Amino acid sequence: MPADAQTTFPQDEVHHAVSNGIGAPEFNLPLPDRPEIITANILKLLEQAHDPRLRFLLKTLTRHMHQFITETSLTTDEWMKAIEFLTRVGQTCTPIRQETILLSDVFGISALVDAINNPPAAGATESSVLGPFFTEDAADVELGHSIASEGKGEYMFVEGTVKGTDGKPIPNVTIDTWETDDHGFYDTQYTSREAPDCRGRLRTDSEGRYSYRAVVPVPYPIPGDGPVGEMLLNMRRHNMRPAHLHMMFEAPGYAKLVTAFYPAGDEFIQSDAVFGVKKSLVVNLEQVNDPERAKALGFKRAEGFKYLRKDIVMRTEAEARETRTQIDEKTGLPLFDD
Ligand SMILES: [Fe+2]
């Protein structure tokens with residue numbers, strides 16, 4: 001940006017209003033005095049964008065936005081309401097609250113982007129939405145140890161093996177896992193949070209195995225006290241997510257896998273407010289009533305616990321690229337418009 005291209009400055013300083021440095025286009029545009037000329041003019045102007053993919057995305061977005069406005073004969077009042085709503089969405093965001101992601105989530109946009117970019121492939125474990133509650137500060141947890149402090153909910157033991165699509169175990173996979181406590185809250189939602197809880201980072205052993213103690217997650221509402229919450233009320237939609245356990249897997253040479261597992265039988269499993277559930281991610285929790293086994297696994301109160309066995313299959317980076325190429329070829333979707 002040129003040095004003078006700022007919008008505020010002290011009154012006693014001399015400045016000249018300047019453009020962003022890009023000159024008038026070399027082609028002539030008709031004056032935009034009819035709806036269809038406005039649309040045609042901006043599409044023509046977008047031809048100037050250098051990056052071909054950006055040009056394609058902007059032109060397609062513009063066409064759809066203009067089509068929406070003409071198709072609905074949007075009123076001036078409605079558009080002002082939309083502007084005020086989007087402004088409030090932005091203003092609701094803080095360093096630990098992401099209302100814009102929530103907006104994307106409840107419109108199914110996050111799930112759609114995930115579904116298009118991570119189609120089911122060659123027996124690999126399917127992905128799910130990341131959601132807004134992942135943090136980078138989870139503590140390292142030894143295999144078999146607990147990610148939850150005592151008293152956070154009903155006991156659950158989780159274990160499995162991480163393999164490639166070739167069936168070979170993958171050692172040293174970094175696993176991040178996070179979940180709600182039995183009140184339906186993530187640790188970050190407590191103002192008293194001093195340290196991470198109900199989340200942890202593990203690494204698979206030399207045979208690709210992982211295991212940890214956790215608590216049974218419960219269904220929870222996505223934040224309802226902001227503009228997105230108000231919008232859901234106007235849509236007459238609930239704001240609940242079915243119970244789930246988030247897991248994220250990373251290993252060199254493999255495509256990062258962000259997923260979650262949803263215990264079967266949840267009341268909200270088919271109407272998840274953010275469309276995160278896929279059939280292959282629904283799991284059964286086995287009830288184990290064996291105090292001795294509970295004790296041996298390290299649970300404090302020697303009683304029953306829920307057991308989840310989940311084996312994971314990761315795609316290599318090359319396999320993930322190949323899958324994306326196949327999808328593009330199958331759909332015939334142009335990556336660029338030229
Ligand atoms: Fe979640």
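Please read these numbers as outputs of a predicted model, since none were measured by experiment. (Residues numbered from 1 in each chain as written. Predicted model: local features only at pLDDT ≥ 70, side-chain atom pairs only at ≥ 80, totals over all residues. Heavy atoms only, no water.)

Draft legend 1. Representation of the pairing of strand S8 (residues 257-263) in the model. Judged by how many residues are buried, S8 sits mostly within the fold: seven of seven residues are covered. Going residue by residue along S8, you find Leu257, Thr259, Phe261 and Pro263 tucked away on one face and Val258, Ala260 and Tyr262 tucked away on the opposite face as well. Taken together, the five bridges between strand S7 (residues 245-250) and S8 define a ladder with antiparallel strand orientation. Its bridge partner lying in S8, Met248 is registered against Val258. (Buried < 20%, exposed > 50% of the residue type's maximum accessible area, 1.4 Å probe, protein only. Helix = DSSP H or I, 4+ residues; strand = E, 2+ residues; numbered from the N terminus. Pairing = 2+ DSSP bridges.)

Draft legend 2. Structural detail: the packing of aromatic side chains. Applying the stated criterion across every chain, the model contains nine aromatic pairs. We note Lys44 situated over the ring of Phe27; from NZ or CZ to the ring centre the distance is 4.8 Å. Over the ring of Tyr307 we find Arg293; its NZ or CZ atom is 5.3 Å from the centre of that ring. (Phe/Tyr/Trp six-rings, centres within 6.5 Å; stacked < 30°, edge-to-face > 60°. Lys NZ or Arg CZ within 6 Å of the ring centre and 35° of its normal.)

Draft legend 3. Geometry of the coordination of the iron ion. The protein atoms that coordinate the iron ion are Tyr186 (OH), Tyr220 (OH), His244 (NE2) and His246 (NE2), at distances spanning 2.0 to 2.2 Å. Between the four donor atoms coordinating the iron ion, the angles at the centre fall across 90 to 163°, so the site counts as irregular. If you list the donors of the iron ion from N- to C-terminus, the spacing comes out as Y-x33-Y-x23-H-x1-H. Note that Tyr220 is positioned in strand S5 (residues 220-221) and His246 in strand S7, a separation of 26 residues in sequence. Taken as a pair, Tyr220 and His246 share a single burial class, namely buried. (Donors = N, O, S within 2.8 Å, 3.2 Å for Na, K, Ca; no water. Tetrahedral: all angles 85-135°; square planar, octahedral: opposite > 155°, others 65-115°.)

Draft legend 4. Main features of the sheet that holds strand S9 (residues 282-283). Pairing is mixed across the open sheet formed by five strands, whose spatial order is S3-S2-S7-S8-S9. Two strands lie at the open edges of the sheet, namely strand S3 (199-203) and S9, each paired on one side alone. As paired strands, strand S2 (residues 174-178) and S7 are joined by five bridges and run antiparallel to one another. What sits directly across from Asp176, in S7, is Met248.

Draft legend 5. Highlighting unusual backbone geometry. One non-glycine residue, Cys198, adopts positive backbone phi at about 55°. Of note, Cys198 is situated in the loop between S2 and S3. Assessed through its relative accessible area of 3%, Cys198 is described here as buried. Positive phi values are uncommon outside glycine, yet Arg236 reaches one of about 60°. By relative accessible area, Arg236 is classed as exposed at 78%.

Draft legend 6. Examining the UniProt feature "domain: Catechol dioxygenase N-terminal" (unreviewed entry) in the protein chain more closely. Feature annotation in UniProt assigns "domain: Catechol dioxygenase N-terminal" (unreviewed entry) to the following positions: residues 51-125. Along residues 51-125 one finds 73% helix and 0% strand; the C-alpha atoms at either end are 34 Å apart. (UniProt positions renumbered as here; feature names shortened; annotations may be inferred.)

Draft legend 7. How the structure looks around the pattern of salt bridges. Tallying each qualifying case throughout the model produces 19 salt bridges. A salt bridge links Asp181 to Lys152; the shortest N-O distance between them is 3.6 Å. Of this pair, Asp181 sits in the loop between S2 and S3 while Lys152 is found in the loop between helix H5 (109-117) and strand S1 (155-164), placing the two residues 29 residues apart along the sequence. Owing to a relative accessible area of 1%, Asp181 belongs among the buried residues under this scheme. Note that Glu207 and Arg209 form a salt bridge whose closest N and O atoms lie 3.6 Å from each other. The partly exposed category is assigned to Glu207, whose relative accessible area is 44%. Judged by its relative accessible area of 40%, Arg209 is partly exposed. One salt-bridge network, in which partners are shared between bridges, spans Asp137, Asp187, Arg193 and Arg199. (Salt bridge = Lys/Arg side-chain N within 4 Å of Asp/Glu carboxyl O.)

Draft legend 8. Focus on the UniProt feature "domain: Intradiol ring-cleavage dioxygenases" (unreviewed entry) in the protein chain. If you check UniProt for "domain: Intradiol ring-cleavage dioxygenases" (unreviewed entry), the listed places come out as residues 131-299 in our numbering. Along residues 131-299 the backbone is 9% helical and 29% strand, and the end-to-end C-alpha distance reaches 29 Å.

Draft legend 9. Fine view of a nonpolar patch on the surface. Together, Leu54, Leu58, Leu61 and Met65 line one region of the surface with nonpolar side chains, adding up to about 330 Å² of accessible area. Structurally, Leu58 can be placed in helix H2 (residues 52-72). (Patch = residues over 30% accessible without salt bridge, like charges linked within 9 Å, V, L, I, M, F, W, Y side chains within 5 Å. Areas by Shrake-Rupley, 256 points an atom, 1.4 Å probe, with all protein chains shown as cover.)

Draft legend 10. Broad picture of the layout of surface pockets. Of the pockets and cavities examined, the largest pocket occupies roughly 1000 Å³. Of all the secondary structure elements, the ones that give two or more residues to the lining of the largest pocket are H2, helix H3 (76-92) and H5. Of the residues contributing to the lining of the largest pocket, the split by class is 16 nonpolar, four polar and three charged. When residues of the lining of the largest pocket are sorted by domain, at least three fall in each of domain 1 (35-74) and domain 2 (109-321). What the second largest pocket holds in volume is close to 450 Å³. What lines the second largest pocket is a set of 25 residues, and nearest its centre among them are Asp114, Asn118, Ser127, Ser128 and Val258. Residue assignment for the lining of the second largest pocket shows that the elements contributing at least two residues are helix H4 (99-106), H5, S8 and strand S12 (312-314). Split by residue class, the lining of the second largest pocket holds 14 nonpolar, six polar and five charged. (1 Å grid on protein atoms, 1.4 Å probe; cavity = no way out; pocket = protein on both sides within 12 Å on 5 of 7 lines; lining within 4 Å. Points joined across faces, edges and corners; volume = space filled by probe spheres on them. Nonpolar A, V, L, I, M, F, W, Y, C, P; charged D, E, K, R; others polar. Domains from an automatic or database assignment.)

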